[in-house]
Amino acid sequence: MAFRILFTPLPNSHPFYERECPLDQPLKIGRAVAKFKSSQDNLIFDCKVLSRNHALLWEDGGKFYLKDMKSSNGTFVNRQRLSRSGEESGPVEIKAGDELQFGVDVIEVKKVTHSCIIGTFTFISLDHPSA
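Just so you know, the residues in each chain are numbered from 1, in the order the chain's sequence is written. Selection of residues for local features in this predicted model requires a pLDDT of at least 70, selection of side-chain atom pairs for listing and counting requires 80 or more, and totals for whole chains, interfaces and linings are taken over all residues. As a rule here, side-chain values cover all heavy atoms of the structure and leave hydrogens and water aside.

Caption draft 1: Local environment of the sheet that holds strand E1 (residues 3-9). DSSP-based pairing: two strands are paired if at least 2 bridges between them are found. Helix and strand definitions here come from DSSP, where helices need a minimum of 4 consecutive H or I residues and strands a minimum of 2 consecutive E residues; each element is numbered from the N-terminal end. An order of E2-E1-E13-E10-E7-E8 is seen for the 6 strands of this open sheet, with the pairing classed as antiparallel. Because the sheet does not close on itself, it has two edges, and the strands there are strand E2 (19-22) and strand E8 (80-81). Where E1 lies against strand E13 (residues 117-125), 7 bridges are found, and the strand directions are antiparallel. Considered in E13, the bridge of Phe3 is made with Ser125.

Caption draft 2: Structural context of the sheet that holds strand E6 (residues 63-68). One open sheet holds the 5 strands; their spatial order is E4-E3-E5-E6-E9, and the pairing between them is mixed. Looking at which strands have only one partner, the edges of the open sheet turn out to be strand E4 (43-45) and strand E9 (92-94). Strand-to-strand twist across the sheet, computed as the mean angle between neighbouring axes with direction ignored, equals 25 degrees. Helix axes are fitted to C-alpha atoms over the stretch in contact, other axes to C-alpha atoms as well, and angles between N-to-C directions run from 0 to 180 degrees.

Caption draft 3: Here's a closer look at the side chain of Asp68. Mapped onto the fold, Asp68 is located in strand E6. For Asp68, the side chain forms a polar contact with the side chain of Ser71, separated by 2.6 Å. Only heavy atoms enter the contact rule, under which two residues are in contact if any of them lie within 4.5 Å. Not counting chain neighbours up to four residues away, the residues in contact with Asp68 comprise His54, Ala55, Gly74, Thr75, Leu82, Ser83, Glu87, Glu88 and Ser89. Counting of polar contacts relies on pairs of N or O atoms within 3.5 Å, with two restrictions inside protein: one atom must be capable of donating a hydrogen and the other of accepting it, and residues adjacent in sequence are counted only when both atoms are side-chain atoms.

Written out as structure tokens, the structure is:
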């Protein structure tokens, strides 16, 4: 089966536009660097609290999985952290509508100076568009 995903920001997220990405291979989620730039068709963000290789998202048999790739600031599904800082998590099944958070807010002198990425995924089947 072939899928596309929509990643929609939540109001408390670091600002970004909704992303639509093909899911024909595992998708890297991470911070923009010279080699990898942020765009509307990837999950690379101009966000300082993300690691370059923060997390990985993929589909297998119609189910969707996410894992943290040893990020410093964590990957969260419905506010549950997947692994300790610097440790790779095991795969976690995610469902449409789950709240996903990449990184944590950085607060200096009682003010958020760098905010994290928070959003929800919608999965679009290209084999059955109405699904």
